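# Chain and residue survey
The residues making up each chain are set out below.
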Amino acid sequence: MKPKQLANLLTRILGLSFCAHGVPAVIAAIIAGIISLIHAMQDGNPTGAHSQYWWGYSMTYWITSVIEFATGIYLIVRSRWLVEKLFKDEAE
(Lines give C-alpha, C1' and ligand atoms only; values in the text may rest on other atoms or scores of the structure.)
Protein backbone atom coordinates (compact mmCIF):
# COMPACT_ATOMS: atom_id res chain seq x y z
CA MET A 1 0.00 0.00 0.00
CA LYS A 2 1.33 3.42 -0.97
CA PRO A 3 1.78 6.13 1.67
CA LYS A 4 -0.95 8.33 0.16
CA GLN A 5 -3.41 5.45 0.15
CA LEU A 6 -2.60 4.62 3.75
CA ALA A 7 -2.94 8.28 4.78
CA ASN A 8 -6.29 8.47 2.97
CA LEU A 9 -7.51 5.36 4.77
CA LEU A 10 -6.33 6.60 8.17
CA THR A 11 -7.97 9.99 7.58
CA ARG A 12 -11.29 8.29 6.83
CA ILE A 13 -10.96 6.11 9.92
CA LEU A 14 -10.29 9.25 11.98
CA GLY A 15 -13.43 10.80 10.48
CA LEU A 16 -15.47 7.72 11.38
CA SER A 17 -14.08 7.91 14.89
CA PHE A 18 -15.18 11.54 15.21
CA CYS A 19 -18.66 10.60 13.99
CA ALA A 20 -18.85 7.67 16.38
CA HIS A 21 -17.96 9.93 19.30
CA GLY A 22 -20.38 12.66 18.23
CA VAL A 23 -23.56 10.55 18.02
CA PRO A 24 -23.59 9.24 21.63
CA ALA A 25 -22.85 12.75 22.88
CA VAL A 26 -25.98 14.07 21.17
CA ILE A 27 -28.04 11.26 22.68
CA ALA A 28 -26.57 11.96 26.12
CA ALA A 29 -27.39 15.66 25.73
CA ILE A 30 -31.01 14.82 24.89
CA ILE A 31 -31.29 12.57 27.95
CA ALA A 32 -29.67 15.21 30.16
CA GLY A 33 -32.10 17.80 28.85
CA ILE A 34 -35.11 15.60 29.54
CA ILE A 35 -33.89 14.90 33.07
CA SER A 36 -33.31 18.62 33.61
CA LEU A 37 -36.80 19.40 32.35
CA ILE A 38 -38.39 16.82 34.64
CA HIS A 39 -36.36 18.04 37.62
CA ALA A 40 -37.25 21.67 37.00
CA MET A 41 -40.95 20.85 36.64
CA GLN A 42 -40.91 18.93 39.94
CA ASP A 43 -39.48 22.03 41.61
CA GLY A 44 -42.54 23.97 40.43
CA ASN A 45 -40.86 25.81 37.57
CA PRO A 46 -43.33 25.77 34.63
CA THR A 47 -40.58 26.72 32.19
CA GLY A 48 -38.26 23.85 32.99
CA ALA A 49 -36.54 23.95 29.61
CA HIS A 50 -35.16 27.37 30.54
CA SER A 51 -33.36 26.17 33.62
CA GLN A 52 -29.71 27.09 34.08
CA TYR A 53 -28.61 23.46 33.75
CA TRP A 54 -30.21 23.04 30.34
CA TRP A 55 -28.70 26.13 28.76
CA GLY A 56 -25.36 25.88 30.52
CA TYR A 57 -24.43 22.24 30.23
CA SER A 58 -26.65 20.55 27.68
CA MET A 59 -26.42 23.22 25.01
CA THR A 60 -22.63 23.25 25.29
CA TYR A 61 -22.69 19.47 25.01
CA TRP A 62 -24.94 19.70 21.94
CA ILE A 63 -22.72 22.25 20.21
CA THR A 64 -19.48 20.37 20.80
CA SER A 65 -20.94 17.05 19.71
CA VAL A 66 -22.43 18.53 16.53
CA ILE A 67 -19.09 20.16 15.72
CA GLU A 68 -17.34 16.84 16.34
CA PHE A 69 -19.79 14.99 14.09
CA ALA A 70 -19.48 17.63 11.34
CA THR A 71 -15.68 17.44 11.54
CA GLY A 72 -15.88 13.67 11.10
CA ILE A 73 -18.10 14.02 8.03
CA TYR A 74 -15.72 16.62 6.61
CA LEU A 75 -12.72 14.34 7.14
CA ILE A 76 -14.49 11.45 5.43
CA VAL A 77 -15.65 13.48 2.44
CA ARG A 78 -12.51 15.55 1.95
CA SER A 79 -9.90 12.93 2.92
CA ARG A 80 -8.43 12.64 -0.56
CA TRP A 81 -8.07 16.43 -0.89
CA LEU A 82 -6.51 16.67 2.57
CA VAL A 83 -4.00 13.91 1.84
CA GLU A 84 -3.07 15.57 -1.46
CA LYS A 85 -2.41 18.81 0.44
CA LEU A 86 -0.26 17.02 3.02
CA PHE A 87 1.68 14.96 0.47
CA LYS A 88 1.90 17.53 -2.35
CA ASP A 89 5.69 17.43 -2.55
CA GLU A 90 6.03 13.66 -2.22
CA ALA A 91 6.37 11.50 -5.33
CA GLU A 92 4.30 8.33 -5.74
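Before reading further, recall that the structure is shown in the block above.
We now turn to the structure provided with this report. As the structure is a prediction and not an experimental result, all values here were calculated from the model. (Residues numbered from 1 in each chain as written. Predicted model: local features only at pLDDT ≥ 70, side-chain atom pairs only at ≥ 80, totals over all residues. Heavy atoms only, no water.)

Turning our eyes to something else, we now look at a nonpolar patch on the surface. Where nonpolar side chains cluster on the molecular surface, the patch consists of Val23, Ile27, Ile31, Ile35, Phe69, Ile73 and Val77 and spans about 620 Å² of accessible area. When contributions to the nonpolar patch are tallied by element, the ones reaching two or more residues are helix H1 (3-42) and helix H2 (52-77). Within the fold, phenylalanine 69 resides in helix H2. (Patch = residues over 30% accessible without salt bridge, like charges linked within 9 Å, V, L, I, M, F, W, Y side chains within 5 Å. Areas by Shrake-Rupley, 256 points an atom, 1.4 Å probe, with all protein chains shown as cover. Salt bridge = Lys/Arg side-chain N within 4 Å of Asp/Glu carboxyl O. Helix = DSSP H or I, 4+ residues; strand = E, 2+ residues; numbered from the N terminus.)

In this section: the pattern of salt bridges. Per the counting criterion, the structure on display carries one salt bridge. In this structure, lysine 4 and glutamate 84 form a salt bridge, with 3.5 Å as the shortest nitrogen-oxygen distance. One end of the pair, lysine 4, is in helix H1; the other, glutamate 84, is in helix H3 (residues 79-86), and 80 residues separate them in sequence. On the accessibility criterion, lysine 4 (16% relative accessible area) is buried. (Buried < 20%, exposed > 50% of the residue type's maximum accessible area, 1.4 Å probe, protein only.)

Moving on, we get to the packing of aromatic side chains. For the structure on display, the rule yields zero aromatic pairs. Arginine 78 extends its terminal NZ or CZ atom over the ring of tryptophan 81, reaching a point 4.6 Å from the ring centre. (Phe/Tyr/Trp six-rings, centres within 6.5 Å; stacked < 30°, edge-to-face > 60°. Lys NZ or Arg CZ within 6 Å of the ring centre and 35° of its normal.)

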